[in-house]
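# What the coordinates show
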Amino acid sequence: MSDPDDPEAQLRRSILLRRTITGVGAVAFGLASLVLGLTMIVLPFLQSGPGRGMIRMGFVGLALGAVFVGAGVRTLRVGEIDPTSGLLVRDQLPVPWSVIGGASIVLACIIGAMVAWPLGLYAWMGTLDSGCRSIVSESELSDVLGQSVTLGSVSDASADLHCTAVFVDGSDQPIATIEMGGDLGGSQFENHLAFTTRGGEIVEVDAIGDRAIRYARGSGFGVAVMRGHAAVFIEARGEVDDVRTTRLLGLLATRLPALEPYAARWIERYGDR
């Protein structure tokens, strides 16, 4: 047993404590980076998460995670480097694995939870049950438009009373938009239709919901379907084609139950008006 008052023993304890704090911090940050990086790579392929930019960020996170975990483990198990000489400090005992594992997992969870918020992961998780994700899929919209499109973003407003989905083409340019909500149907439908079409050509379509519209405006076209206190609007860039609008309306005719939760929330909040 070494004398606790021995200056050399005190120095070794201070070095061990410094190594533990530095190494565990590096390992925790690295683990959080690895988890977040892997999450950002997987998200675009599951439930149509964020786009290609997040995949690139994910690979950066994996690289940073590997570097920090490696540096942290070396500091904990081998020793720290003297910053003045660049050489390994001699006579350093390995930090126990039990200390490394427990402290690293706790810190990694804390760091990961903090970093996930500015990356928008919490906001993304809040849109997983959005009707804008399911009413028309990427593959269906790609088939209608005749080109590959991906879901670039989904946003919900006012506690799922309204959702918006933006689809992008291969160059990440917006090509189609879906709007759906309880604030678009009923007496609000006509106002939103006038704002959306803005003087474009409007054609009424029978036998779909309470009211169905196809329209052409500028360099794009769109469709709108109302059912009770909710409605859905889909607008896309491209050549106006009756075949495309007919196919979109055919899809919506089979997905009208997706509007019901939005209509129910509107009635719950504002009543049947």
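That block above? That's the structure.
About the thresholds
Residues numbered from 1 in each chain as written. Predicted model: local features only at pLDDT ≥ 70, side-chain atom pairs only at ≥ 80, totals over all residues. Heavy atoms only, no water. Helix = DSSP H or I, 4+ residues; strand = E, 2+ residues; numbered from the N terminus. Buried < 20%, exposed > 50% of the residue type's maximum accessible area, 1.4 Å probe, protein only. Contact = heavy atoms within 4.5 Å. Areas by Shrake-Rupley, 256 points an atom, 1.4 Å probe, with all protein chains shown as cover. Core = buried A, V, L, I, M, F, W, Y, C linked by side-chain atoms within 4.5 Å. Axes fitted to C-alpha atoms, helices over the stretch in contact; angles between N-to-C directions. Parallel < 35°, antiparallel > 145°, perpendicular 65-115°, else oblique. Left-handed = near helix turned anticlockwise from the far one by under 90°. Arc of directions from axis to C-beta. Disulfide = S-S within 2.5 Å. Phe/Tyr/Trp six-rings, centres within 6.5 Å; stacked < 30°, edge-to-face > 60°. Salt bridge = Lys/Arg side-chain N within 4 Å of Asp/Glu carboxyl O.

For the rest of this paragraph, the subject is the overall build of the protein. A tally of helices and strands in the protein yields nine helices and seven strands. Considering the protein as a whole, with its 273 residues, one finds that 40% of them fall into the buried category. Once local pairs closer than 6 in sequence are excluded, the contacts in the protein between residues at least 24 apart make up 57%. In the structure as shown, the protein presents an accessible area of about 14500 Å², 63% of it carried by carbon and sulfur atoms.

All right, on to the nonpolar core then. Core analysis: the biggest nonpolar cluster contains 34 residues, and Leu145, Phe167, Ile178 and Val232 have the highest contact counts within it. If we ignore the near neighbours within four places in the chain, the residues touching Val232 are Ile135, Ile178, Glu179, Met180, Val223, Ala224, Val225, Leu252 and Leu259. Counting nine residues, the second-largest nonpolar core is a separate cluster that includes Leu193, Tyr215, Ala224 and Phe233.

With that settled, the discussion passes to the packing of helix 6 (residues 138-145) against helix 8 (residues 242-254). It is the contact of helix 6 with helix 8, at a shortest axis distance of 9 Å, that shows an interaxial angle of 155°. As judged from the angle between their axes, helix 6 and helix 8 are roughly antiparallel. Every pair of crossing elements has a handedness; the one defined by helix 6 and helix 8 is right-handed. Contact residues: Glu140, Leu141, Asp143, Val144 and Leu145 in helix 6; Arg244, Arg247, Leu248 and Leu251 in helix 8.

Before going further, it helps to spend a moment on helix 9 (residues 260-270). Of the residues making up helix 9, those classed as buried are Tyr262, Ala263 and Trp266. Projected down its long axis, helix 9 carries its buried residues within an arc of 100°, all on one side. Buried residues belonging to helix 9 abut helix 5 (131-134), strand 2 (162-168), strand 3 (174-181) and strand 7 (230-237). Looking one or two residues beyond helix 9, the residue adopting positive phi is Gly271, at roughly 85°.

A few words on the state of the cysteines. Inspection of the entire model under this criterion finds one disulfide. The disulfide partner of Cys132 is Cys163, and the gap between their sulfur atoms is 2.1 Å. Its S-S torsion of about 85° marks the bond between Cys132 and Cys163 as right-handed, since a negative value means left-handed. On the criterion of sequence distance, the pair formed by Cys132 in helix 5 and Cys163 in strand 2 is long-range, its members being 31 residues apart. In this structure, Cys132 and Cys163 share a single accessibility class: buried.

Evaluation of the coordinates by the stated rule reveals three aromatic pairs. Here the aromatic rings of Phe189 and Phe233 are separated by 5.5 Å at their centres, their planes lie at 35°, and the arrangement is tilted. Of this pair, Phe189 sits in helix 7 (residues 189-197) while Phe233 sits in strand 7, and the two are 44 residues apart along the sequence. Phe189 gets classed as buried once you look at its relative accessible area, which sits at 1%.

Using the criterion set out here, one finds eight salt bridges in the structure. Two residues, Arg247 and Asp143, come together in a salt bridge whose shortest N-O distance is 2.3 Å. One end of the pair, Arg247, is in helix 8; the other, Asp143, is in helix 6, with 104 residues separating them in the sequence. Accessibility expressed as a relative area gives 47% for Asp143, which makes it partly exposed. Its salt-bridge partner being Asp242, residue Arg214 comes within 3.7 Å of it at the nearest N-O pair. A residue pair is termed long-range when its members are at least 10 positions apart, and Arg214 in strand 5 (residues 211-217) and Asp242 in helix 8 qualify at 28 residues. Through salt bridges with shared partners, one network takes in Glu190, Glu204 and Arg211.

What follows deals with helix 7. Because the α-helix completes a turn every 3.6 residues, residues three or four places apart line up on one side. Within helix 7 the residues assigned to the buried category are Phe189, His192, Leu193, Thr196 and Thr197. In an axial view of helix 7, the angular spread of the buried residues amounts to 120°, which keeps them on one side of the axis. Every exposed residue of helix 7 that faces more than 90 degrees away from the buried side is listed here: Asn191 and Phe195. In this fold, the buried residues of helix 7 make contact with strand 3, strand 4 (201-205), strand 5, strand 6 (220-227) and strand 7.

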